[in-house]
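# What the coordinates show
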Amino acid sequence: MRALIDRLAEQRILTRDAFKLLLTCEDAYLQERAREARHQVYGKQVFIRGLIEFTNYCKHDCYYCGLRCSNTTVPRYRLSLEQMLDCCRLGYDLGFRTFVLQGGEDAYYADDDALIDILQAIKERYPDCAITLSVGERSYESYQRLFEAGADRYLLRHETADAAHYSTLHPAQMTLESRKQCLQDLKQIGYQVGCGFMVGAPGQTLDHLVDDLLFIKELDPAMVGIGPFIPHADTPFAGEKAGDLRLTLNALSILRLMKPSLLLPATTALGTIAPDGRELGILAGANVVMPNLSPMDTRKKYLLYNGKISTDDDPRYCRDVIDRKLQAIGYEVVTARGDCIDL
Ligand code: SAH
């Protein structure tokens, strides 16, 4: 196993079979090498992003997601510009220099103008901050306009790089092809792009995970968001199992070795399946955490999956907890935009 891990660290790619072995291995050396690769690029610094979940309206019906339009039990909300600016003000005071605006695919924002107003208002007040958008699939022209209005980064998980698997997770009008096109468009426009997938999504095989790794190799994104799948009671996948902790951590370590400069968050979903999940993610090679800056009264309405953590904790408290937890394992949260170092 060690020889394979060394080979991955040196060559940044492996054969399909070797990837499969590493994904399921239990050798601590994988995480050791991943940490070493991360320390060489980013030291012991951890970047924080303030997550603002600004709308839970969604026109899509993804089978895994609690915000899917068929889920009529969710009270829908959309933050006002003022509310979003309040989140940013609080976040800025707490040392956040990246704001991640995430939402469902809300028809209210189909036309770009409202999003452009938000981007411009935030950039005007906080020119030293980066803005990440995560609002799903849009046209090239729309991505271009949002980029020009100040968006720096874009998160759009590809979810799975296997077209047949993709079609078992989404209704027929959503296709892997269109998702990939969006990712290409975003890259071409100049965004720092993030793709990603859920570990343990229903129907996922090790081969699918290898396809994900190979897709990421080819796309060469600045960020990759991965976390375990966690079932939501009001979705068709209510009865499915959650993704595995070890497999998720191994995937993080492998990605770190494939691209040492990658921005790799220890996700909220990881922190949800294990109490120390985010610390374990950092120790496996992740270098980003994304605490929630959304208003307290909307948190429980943005449930992608059940059991999501931090829905009762205010941002200041979350920031303190994360600082302390990361300090305890030898890492330091920094006040910085935290751009991908090789851009
Ligand atoms: N509408 C935006 C944001 C989607 S939510 C977009 O389309 O990009 C962000 C991510 O949460 C999704 O890409 C998905 O990978 C993840 N997610 C959704 N439901 C989940 C679940 N049940 N368990 C774990 N992760 C989930």
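Now for a quick tour of the structure. Per chain, the residues get numbers from 1 upward, laid out in the order the sequence is written. Note on the predicted model: pLDDT of at least 70 is required for a residue's local features to be given, and 80 or more for side-chain atom pairs to be given and counted; whole-chain, interface and lining totals, by contrast, use all residues. Neither water nor hydrogens contribute to the side-chain values; these are computed over all heavy atoms in the structure.

Once that is clear, we can look at the overall build of the chain. A run of DSSP states H or I qualifies as a helix once it reaches four residues; a run of E qualifies as a strand once it reaches two. Both are numbered from the N-terminal end. Each helix and strand counted, the chain has 13 helices and 9 strands in total. The C-alpha radius of gyration of the chain comes to 19 Å, within 12% of the 20 Å expected for a compact globule of 343 residues. With the C-alpha coordinates aligned to their principal axes, the bounding extent of the chain is approximately 55 × 45 × 40 Å. Categorising residues by exposure relies on relative accessible area from a 1.4 Å probe, with only protein chains included: less than 20% of the type maximum marks a residue as buried, more than 50% marks it as exposed, and the intermediate range marks it as partly exposed. Counting the 343 residues in the chain, one finds 60% classified as buried. The contact criterion used throughout is that any non-hydrogen atoms of two residues lie within 4.5 Å. Within the chain, contacts between residues separated by at least 24 positions form 74% of all contacts whose residues are at least 6 apart in sequence. Just to be clear, the radius of gyration here is over C-alpha atoms, and the globule rule we use is 2.2 Å times residues to the power 0.38.

This next bit is on the site of the ligand. The ligand sits among 16 residues. The nearest are Y64, G103, R157, E159 and I230. Accessible surface area values rest on a Shrake-Rupley calculation with a 1.4 Å probe, where residue burial reflects the displayed protein chains alone. For the ligand, the protein covers 91% of the area, taking 550 Å² as the surface of the free molecule. Across the shell around the ligand, the residue classes tally to 9 nonpolar, 5 polar and 2 charged. Consider each residue's heavy atoms; a residue with any of them within 4 Å of a molecule or strand counts as near. Three residue categories are used. Nonpolar comprises Ala, Val, Leu, Ile, Met, Phe, Trp, Tyr, Cys and Pro, charged comprises Asp, Glu, Lys and Arg, and polar comprises the others, including Gly.

Between any two strands, at least two bridges found by DSSP are needed for them to pair. Spatial strand order, β8-β1-β9: 3 strands in an open sheet with parallel pairing. Looking at strand neighbours, the two that pair on one side only are β8 (288-289) and β9 (332-334), the edges of this open sheet. Across the sheet, helix α13 (residues 315-328) lies against β1 (45-48), β8 and β9, angled at about 135° from β9, the strand it touches most. The axes are straight lines fitted to the C-alpha atoms, using for helices just the contacting stretch, and the angles between their N-to-C directions are given from 0 to 180°.

Taken together, the 6 strands give an open sheet; going across it, the order is β2-β3-β4-β5-β6-β7, and neighbouring strands pair in parallel fashion. Unpaired on one side and paired on the other, β2 (50-55) and β7 (223-228) mark the two borders of the sheet. Mean inter-strand twist for the sheet, computed between neighbouring axes without regard to direction, equals 20°. Here strand β4 (residues 130-134) pairs with strand β5 (residues 153-155) via 2 bridges, running parallel. Note on β5: the bridge partner recorded for L133 is Y154. On the sheet, helix α5 (residues 113-125) packs against β2, β3 (98-103) and β4 and is oriented at approximately 160° with respect to β4.

So, about the pattern of salt bridges. Think of a salt bridge as a Lys or Arg side-chain nitrogen and an Asp or Glu carboxyl oxygen that are within 4 Å of each other. Throughout the structure, instances matching the rule amount to 23 salt bridges. Notably, a salt bridge pairs K20 with D207, separated by 3.1 Å at the nearest N-O pair. One end of the pair, K20, is in helix α2 (residues 16-24); the other, D207, is in helix α9 (residues 206-219), with 187 residues separating them in the sequence. Residue classification places D207 among the partly exposed residues on the basis of a relative accessible area of 31%. The salt bridge involving K308 is made with E53; its shortest N-O contact spans 2.7 Å. Of the two residues, K308 sits in the loop between β8 and α13 while E53 sits in strand β2, which places them 255 residues apart along the sequence. Assessed through its relative accessible area of 1%, E53 is described here as buried. Each of K123, D152, R153, R337 and D339 takes part in a single network of salt bridges with overlapping partners.

It is worth spelling out the nonpolar core at this point. If you look at soluble globular proteins, the nonpolar side chains tend to sit buried side by side. Put simply, a nonpolar core is a bunch of buried Ala, Val, Leu, Ile, Met, Phe, Trp, Tyr and Cys residues held in one set by side-chain atoms that sit within 4.5 Å of each other. Ranked by internal contacts, the top residues of the largest apolar core, which has 98 residues, are F99 and L101. Sorting elements by how many residues they give to this core places helix α10 (residues 245-258) first, with 8 residues. Contact partners of L101, with chain neighbours within four places excluded, come to I52, F54, M84, I118, L119, I122, I131, T132, L133, S134 and V135. Grouped together as the second largest cluster of nonpolar side chains are 12 residues, L51, M223, M290 and C340 included.

Contact geometry for α2 and α10: axes closest at 8 Å, N-to-C directions at 130°. Classified by the angle their axes make, α2 and α10 are oblique. Between α2 and α10, the residues in contact are F19, L22, L23 and T24 and L247, N250, A251, I254 and M258, respectively. A class-by-class count of the residues in the contact of α2 with α10 yields 7 nonpolar, 2 polar and no charged. By the definition adopted for this analysis, an angle is roughly parallel if under 35 degrees, roughly antiparallel if over 145, roughly perpendicular if from 65 to 115, and oblique otherwise.

Moving on to the pairing of β1. Looking at chain direction, β1 and β9 are connected through 3 bridges and run parallel. Looking at the pairing, F47 lines up with V334 of β9. Where β1 lies against β8, 2 bridges are found, and the strand directions are parallel. Residue pairing for β8: I48 is matched across the bridge by V289.

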